[in-house]
Amino acid sequence: MTVLPADGLPPAAEFPDPSHDQWQTLVEGVLRRSGKEVTGPAAEEALSTALGDGLTVRPLYTSIDASADPGLPGFAPFTRGSRATGNTTDGWDVRQRHQLADPVRLNEAVLGDLENGVTSLWLAVGGPGGVPVSGLARALEGVLLDLAPVALDAGTDPGPAVRELLGLYEARGVSKEAARGSLGVDPLGQAARTGTEPDLSGAVHWSLLCSREYPGLRALAVDALPYHEAGGSTAQELGLSLATGVAYLRALTASGLSVEEACAQLEFRYAATADQFLTIAKLRAARRLWARVAEVCGAPDSGAQRQHAVTSSVMMTRRDPWVNMLRTTLACLGAGVGGAESVTVLPFDHVLGLPDAFARRIARNTSTILMEESHLARVTDPAGGSWYVERLTDELASAAWSFFQEIEKAGGQAAALRSGMVQERLAATWAARSKDLARRKEPVTGVSEFPALDERPVEREPAPAVPGGGLPKVRRDEAFEALRARSDAHLAATGSRPKVFIAALGPASVHTARASFAANLFLAGGVEPVHQPVSVDASTAAEAFRASGATTACLCSTDTLYAEQADAVASALRAAGAERIILAGRPGEYAGADVHVFAGCDVVAVLSSELDRMGVA
């Protein structure tokens, strides 16, 4: 039934339906005004954005991009959610991570979190920085274990921690039927982190026990975080998680469990990033792919993947860490909308050391605001039906399935790790992404874009060292962080930062764009731009340069003024002692410059070279 407004006319009655060709014609006109002469499909391609894994985001999606029927929430293929009600009943599980060795401090943190919105605990037990197994009882003192699920992260030898937790359930009168949570056993994930040979016997043992005696506990974690944190793409993260899950299914069914019972022992853990659409599509694609695995194994109704999403540590920055609050908010939104049952928001200071109480509070309140104030949990699969999200889900699932098949052809997850195939593929992906980061094609706010050189550092108690030997852990900010660290050391040793003089030609109205671009670029490497006076010419440049204390000058203006003034100003600057002339613009706009900086140039290489020349160790 069509609902008409009061005047009886449909809202769009006088507007004809525009065609895709009409839209494309308008796009051609806009591009033509920006200097790009492209027509037809090329016009649309000019506005498209390339993602990893060979995926491309187009500027417009219409009904012709609609994918196959994704099904209904709670039913195979579970694209729209593992439960028919999604997270609408009580929202998603707010799972806070804790890594404290002192049982007393851990207990205080745990109780405070549970009293203020956290609904489950993720505890590091044993190993570097984790609470000792013998201290677990003290750490959980006062915690109602039949109400607050516990997920363990017990490293390469989870047995002692698991036995201790199960003993606590018994000692505190928690029935086996009432125990909830995850034992977190993940030998393949630990093998990826540490480079050790995986032993699946413990995984089988604890899965058999939980299947027979603890119906509310899941024994195994299929943790995809090691692959994300090593620089893997979204499709690689999904493909490796599938390969891990399949390896566990093989081991469990070989031990006597049915496919249905084996699937019930798995909880999948994925990274959630600030690209909320990619996070949503990742979680939806993961469910669809796992449903396909279950279908092939003969148990299509058991493919409802249990998901735990964790905000990405790769995206978090050490400089301007307050921006991490915004990143984790977007990541949490994507995880919640994508249908994750449990969500962990890492505190904004996570990469600086052990988080303080304020950071943990902000982390747990992020979920609360999104659920209670933004009402994200009131709709099942809120992104469902979006042509963009549905198509991105399809394409991502296809790319991930292809990578999964490659791993299976290599002999499975353990064999692919042992042969170095996984390491090589992840390293290649990160190398390509690092080039985009260096060229600021993937901007990092507060680091490669809009850095604050005079920011006060946020200091935290150091976190324990992470065991190495396996996959590396990367961060988007690492190349720029190395440059900033050099600048900090120079400041500590000499009392001043390395400097560059901004020689802006002409009035501010013509040079501001390039002067701002250049200043932002130099700040990203810890080089202080000196832009005083606002404009210079051949008669004033030398005196201004000498007053700046810099040894490098950067010319900033329009191509027209470069042709008129650059030679004379550059000569004056060199006569005043400038060792290097940089020009904000592409090569060819002024041949007398030593270096050119422009959108898309390798900023890390330019800044590294400048710091070397300036003697910044």
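S.K.: Whenever I open this one, the overall build of the protein confuses me. Can you help?
M.R.: For the protein, the count of helices and strands is 21 helices and 15 strands. The globule rule puts the C-alpha radius of gyration for 617 residues at 25 Å, and the 28 Å found for the protein is close to it. In terms of overall dimensions, the protein has C-alpha extents of about 85 × 70 × 55 Å along its principal axes. The 617 residues of the protein split such that 51% are buried. Of the contacts formed within the protein by residues at least 6 apart in sequence, a portion of 76% connects residues at least 24 apart. Counting only carbon and sulfur atoms, one obtains 55% of the accessible surface of the protein, whose full area is about 26,400 Å². One finds the centroid of the 56 positive side-chain charges in the protein at a distance of 3 Å from the centroid of its 73 negative side-chain charges.

S.K.: So what exactly am I meant to see when it comes to empty space enclosed by the protein here?
M.R.: Gaps between atoms show up when a probe of the same size as a water molecule is rolled over them. Tallied over the full model, the rule gives one cavity of 30 Å³ or more. Here the lining of the largest cavity takes three residues from helix H12 (residues 323–338), the largest share from any one element. Tallied by class, the residues present in the lining of the largest cavity amount to five nonpolar, eight polar and five charged.

S.K.: Help me understand the sheet that holds strand E7 (residues 217–223), please; the structure alone is not making it clear to me.
M.R.: Adjacent strands of a sheet form backbone hydrogen bonds with each other and so pair up, either parallel or antiparallel. Around the barrel, which closes on itself, the eight strands sit in the order E3-E4-E5-E6-E7-E8-E9-E10 with parallel pairing between neighbours. Adjacent strand axes in the sheet meet at a mean angle of 30 degrees, parallel and antiparallel pairs treated alike. Strand direction decides the pairing type here: strand E3 (residues 93–98) and strand E4 (residues 120–124), joined by four bridges, are parallel. Its bridge partner lying in E4, Arg-97 is registered against Trp-122. Running at roughly 155 degrees to strand E8 (residues 266–272), helix H11 (residues 276–296) makes contact with E8 and strand E9 (307–311) of the sheet.

S.K.: Just to check I follow, could you spell out the packing of helix H17 (residues 478–494) against helix H21 (residues 603–613) for this structure?
M.R.: Helix-helix packing is described using two parameters, namely the angle between the two axes and the distance between the axes. The geometry of H17 relative to H21 is characterised by a closest axis approach of 10 Å and an angle of 20 degrees between their N-to-C directions. Taken together, the axes of H17 and H21 are roughly parallel relative to one another. By crossing handedness, the relation of H17 to H21 is classed as left-handed. Between H17, through Ala-479, Phe-480, Leu-483 and Arg-486, and H21, the contact on the second element is made entirely by Val-603, Val-604, Leu-607, Ser-608, Leu-611 and Asp-612.

S.K.: I keep staring at the packing of helix H9 (residues 234–254) against helix H14 (residues 387–409) and nothing clicks. Help me out?
M.R.: Relative orientation of the contacting elements H9 and H14 amounts to 50 degrees, with a least axis distance of 8 Å. Taken together, the axes of H9 and H14 are oblique relative to one another. In this structure, H9 crosses over H14, and the sense of that crossing is right-handed. Contacts from Thr-234, Ala-235, Gln-236, Leu-238, Gly-239, Leu-240, Leu-242, Ala-243, Val-246 and Arg-250 in H9 reach Leu-396, Ala-399, Ala-400, Trp-401, Phe-403, Phe-404, Ile-407 and Glu-408 in H14. Counted by class, the contact of H9 with H14 contains 13 nonpolar, three polar and two charged residues.

S.K.: What exactly am I supposed to notice about the side chain of Thr-328 here?
M.R.: The topology assignment puts Thr-328 in helix H12. Relative accessible area serves as the criterion here: at 3%, Thr-328 is assigned to the buried category. Setting aside residues no more than four positions away along its own chain, Thr-328 makes contact with Thr-311, Met-315, Met-316, Val-345, Leu-346 and Thr-366.

S.K.: For this particular structure, what's the right way to read the sheet that holds strand E14 (residues 580–584)?
M.R.: If you walk across this open sheet you meet the five strands as E12-E11-E13-E14-E15, and the pairing is parallel. Edge strands, defined here as strands with exactly one partner in the open sheet, are strand E12 (528–530) and strand E15 (595–597). Looking at each pair of strands side by side, their axes are set apart by 30 degrees on average, direction ignored. Bridge analysis of strand E11 (residues 499–504) against strand E13 (residues 552–556) gives four bridges, and the strand direction is parallel. Following the sheet pairing, Phe-501 is matched in E13 by Ala-553. Across the sheet, helix H18 (residues 508–523) is in contact with E11, E12, E13, E14 and E15; its angle to E13 comes to roughly 145 degrees. Packing of helix H20 (residues 559–575) onto the sheet brings it into contact with E11, E13 and E14, and relative to E13 it is tilted by some 170 degrees.

S.K.: I keep staring at the pattern of salt bridges and nothing clicks. Help me out?
M.R.: This structure, assessed with the given rule, holds 41 salt bridges. Between Lys-282 and Glu-237 there is a salt bridge whose closest N-O contact spans 2.8 Å. Taken as a pair, Lys-282 in helix H11 and Glu-237 in helix H9 lie far apart in primary sequence, 45 residues in all. The pair formed by Lys-282 and Glu-237 is uniform in burial state, with each residue classed as buried. For Arg-497, the salt bridge is made with Asp-488, and the minimal N-O distance between the two is 2.7 Å. Each of Arg-193, Asp-223, Glu-229, Arg-269 and Lys-473 takes part in a single network of salt bridges with overlapping partners.

S.K.: Sorry if this is basic, but what is going on with H11 here?
M.R.: Think of an α-helix as 3.6 residues a turn; residues three or four steps apart then line up on the same face. Compared with the 30 Å implied by 1.5 Å per residue over 21 residues, the 31 Å span of H11 between its first and last C-alpha is a close match. Here H11 lies mainly inside the structure; 16 of its 21 residues are buried. Two residues or fewer past H11, Gly-298 is found with a positive phi of approximately 90 degrees.

S.K.: So what exactly am I meant to see when it comes to the nonpolar core here?
M.R.: Generally speaking, nonpolar side chains in soluble globular proteins are found buried as a group. Ranked by internal contacts, the top residues of the largest apolar core, which has 117 residues, are Leu-123, Leu-140, Tyr-169, Leu-183, Tyr-227 and Trp-290. Every residue in contact with Leu-140, bar those within four places of it in the chain, is listed here: Asn-107, Leu-121, Leu-123, Leu-145, Leu-165, Leu-168 and Arg-172. Among the nonpolar cores identified, the runner-up in size contains 54 residues, and Phe-480, Val-536, Ala-541 and Val-616 belong to it.

S.K.: Quick question: what am I supposed to make of the pairing of E7 here?
M.R.: In regular strands, side chains alternate between the two faces of the sheet. The element E7 is largely enclosed, with a buried count of six among its seven residues. As judged from the four bridges shared by E7 and E8, these two strands associate in the parallel manner. Bridging from a neighbouring strand, Val-222 pairs with Phe-268 of E8.

S.K.: Sorry, what's going on with unusual backbone geometry here?
M.R.: Trans peptide bonds make up the majority, and among non-glycine residues the majority have a negative phi. The step from Ala-76 to Pro-77 runs through a cis peptide bond, and the omega angle for that step is 10 degrees. With respect to the element layout, Pro-77 can be found in the loop between strand E2 (56–57) and E3. Cis geometry marks the peptide bond from Gln-532 to Pro-533; its omega dihedral reads 5 degrees. Along the chain, Pro-533 falls in the loop between E12 and helix H19 (541–548). In this structure, Phe-450 is a non-glycine residue whose phi angle is positive, near 55 degrees. Tracing the backbone through its elements, the reader meets Phe-450 in the loop between helix H16 (421–438) and H17.

Calculation criteria
- Residues numbered from 1 in each chain as written.
- Predicted model: local features only at pLDDT ≥ 70, side-chain atom pairs only at ≥ 80, totals over all residues.
- Heavy atoms only, no water.
- Helix = DSSP H or I, 4+ residues; strand = E, 2+ residues; numbered from the N terminus.
- Rg over C-alpha atoms; globule rule 2.2 N^0.38 Å.
- Buried < 20%, exposed > 50% of the residue type's maximum accessible area, 1.4 Å probe, protein only.
- Contact = heavy atoms within 4.5 Å.
- Areas by Shrake-Rupley, 256 points an atom, 1.4 Å probe, with all protein chains shown as cover.
- Lys, Arg positive; Asp, Glu negative; His and termini not counted.
- Charge placed at Lys NZ, Arg CZ, Asp CG, Glu CD.
- 1 Å grid on protein atoms, 1.4 Å probe; cavity = no way out; pocket = protein on both sides within 12 Å on 5 of 7 lines; lining within 4 Å.
- Points joined across faces, edges and corners; volume = space filled by probe spheres on them.
- Nonpolar A, V, L, I, M, F, W, Y, C, P; charged D, E, K, R; others polar.
- Pairing = 2+ DSSP bridges.
- Axes fitted to C-alpha atoms, helices over the stretch in contact; angles between N-to-C directions.
- Parallel < 35°, antiparallel > 145°, perpendicular 65-115°, else oblique.
- Left-handed = near helix turned anticlockwise from the far one by under 90°.
- Salt bridge = Lys/Arg side-chain N within 4 Å of Asp/Glu carboxyl O.
- Expected span 1.5 Å × (residues − 1).
- Core = buried A, V, L, I, M, F, W, Y, C linked by side-chain atoms within 4.5 Å.

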